Amino acid sequence: FLARYPDFPFAGMLRLRQAAYVERMQGYAAARPLYEAIRVADTNAAVQQQLDYLTWFHEKPGRALLGVYCNMPTRVLLDGKPVGQSAGPERLNVMALELGAGQHVLALQANHKPYPSWVQAYLRLQEGAVMTAPDWKWKVSPAGAWTQPEYDDGDWAVSGGTGVKGPPEEPYVWVEPNAMVDMQSRAVGLGAVPEWPDKSKTAVYRKVFEVK
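Residues numbered from 1 in each chain as written. Predicted model: local features only at pLDDT ≥ 70, side-chain atom pairs only at ≥ 80, totals over all residues. Heavy atoms only, no water.

Ranked by size, the top nonpolar core spans 29 residues in total, and within it Leu-66, Leu-123, Tyr-205 and Phe-209 carry the most contacts. Examining the composition of this core, we find that four residues originate from one element, strand S12 (residues 203–211), more than from any other. Filtering out sequence-adjacent residues up to four positions away, Leu-66 remains in contact with Val-76, Val-83, Asn-93, Val-94, Met-95, Leu-97, Leu-106, Ala-121, Tyr-122, Leu-123 and Met-183. (Core = buried A, V, L, I, M, F, W, Y, C linked by side-chain atoms within 4.5 Å. Buried < 20%, exposed > 50% of the residue type's maximum accessible area, 1.4 Å probe, protein only. Helix = DSSP H or I, 4+ residues; strand = E, 2+ residues; numbered from the N terminus. Contact = heavy atoms within 4.5 Å.)

In structure tokens:
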């Protein structure tokens, strides 16, 4: 594609993604000189920002990258602390985080939106990843300290199923290119919860995970 359309408006981002594929397949050492060359040659602000994320991730233990892709207006919380938001079907929102060892809670607090609707998240850790999947739990307007790992979510429903097809679902046919390999292809989009009687209330999708 790049050979055929060298003036494509997002060509710089696709070149950065090429380098990120090298990292994915061969490791950071192989990709690092490619990243450095792109830093010198490409002045696009979006390319430089995602390049900063990709290199920052490797500079210190405990660093993580979170990609969130939702078309329901969604607030993103890590251990109860708001870290960002997402509400656009045309763009993956990427956030840089630092995590200590121990248990953590990633939560997506979404406002209702008519079909098609979904939330999707992928947290890249040093030793693996946490991503939205059918085993995530949800509840509409939960009470108590649901932002904390020790919270008892035994009465929450499990998302189940296979997630939404896509996302994006129709009528969205274009998503802004990004350099975050795996973040959209591996995570499962979770649709609006089936039992949402009061659409003025938010639904929470929640996952407890551990960092070693």
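Right, picking up where we left off after that structure.
Quick look at the sheet that holds strand S8 (residues 128–131) now. Taken in spatial order, the four strands of this open sheet run S4-S1-S7-S8, and their pairing is antiparallel. In the strand order of this sheet, the two ends are held by strand S4 (93–98) and S8, each with one partner. In this sheet, neighbouring strand axes are inclined to one another by 20° on average, regardless of whether the strands run parallel or antiparallel. Note that strand S1 (residues 63–68) and S4 share six bridges and pair antiparallel. For Leu-65, the partnering residue across the bridge sits in S4 and is Ala-96. Relative to S4, helix H3 (residues 45–56) is tilted by about 30°, and along the sheet it contacts S1, S4 and strand S7 (121–125). (Pairing = 2+ DSSP bridges. Axes fitted to C-alpha atoms, helices over the stretch in contact; angles between N-to-C directions.)

With that out of the way, let us pick up the pairing of S1. Of all the six residues making up S1, six are buried; the element is thus mostly covered by neighbouring parts of the structure. Alternating positions in S1 separate into two faces, Arg-63, Leu-65 and Gly-67 on one and Ala-64, Leu-66 and Val-68 on the other, with burial throughout. Pairing geometry for S1 and S7, over four bridges, is antiparallel. Among the inter-strand pairings, Leu-66 is bridged to a residue of S7, identified as Leu-123.

Read from one edge of the open sheet, six strands run S3-S2-S5-S12-S9-S10, paired in antiparallel fashion. Looking at the sheet topology across the chains shown, the edges are occupied by strand S3 (81–86) and strand S10 (157–158). With five bridges connecting them, strand S2 (residues 74–78) and S3 associate as antiparallel partners. Of the residues in S3, the one forming a bridge with Val-76 is Gly-84.

Checked against the element boundaries, Pro-177 lands in the loop between S10 and strand S11 (190–191). A relative accessible area of 16% means that Pro-177 is categorised as buried. Placed 20 residues apart in sequence, Pro-177 and Ala-157 show a C-alpha to C-alpha distance of 34 Å.

What follows is about the side chain of Gln-48. Structurally, Gln-48 is set in helix H3. Looking at Gln-48, the relative accessible area reads 16%, which means it is buried.

This part covers the side chain of Thr-147. If you trace the backbone, Thr-147 turns up in the loop between strand S9 (137–140) and S10. Only 3.0 Å separates the side chain of Thr-147 from the side chain of Gln-148, close enough to count as a polar contact. Here Thr-147 is in contact with Asp-79, Gly-80 and Val-105, once residues within four sequence places are set aside. (Polar contact = N/O pair within 3.5 Å; in protein donor to acceptor, adjacent residues only side chain to side chain.)

Counted at 1.5 Å a residue, the expected span for helix H2 (residues 28–41) with its 14 residues is 20 Å, and the 20 Å between its end C-alpha atoms agrees. Within the sequence span of H2, burial applies to Ala-31, Tyr-35 and Ile-38. Along the axis of H2, the buried positions cluster into a sector of 60°, meaning they face one direction only. Across from the buried face of H2, at angles greater than 90 degrees, the exposed residues are Ala-29, Val-40 and Ala-41. (Expected span 1.5 Å × (residues − 1). Arc of directions from axis to C-beta.)

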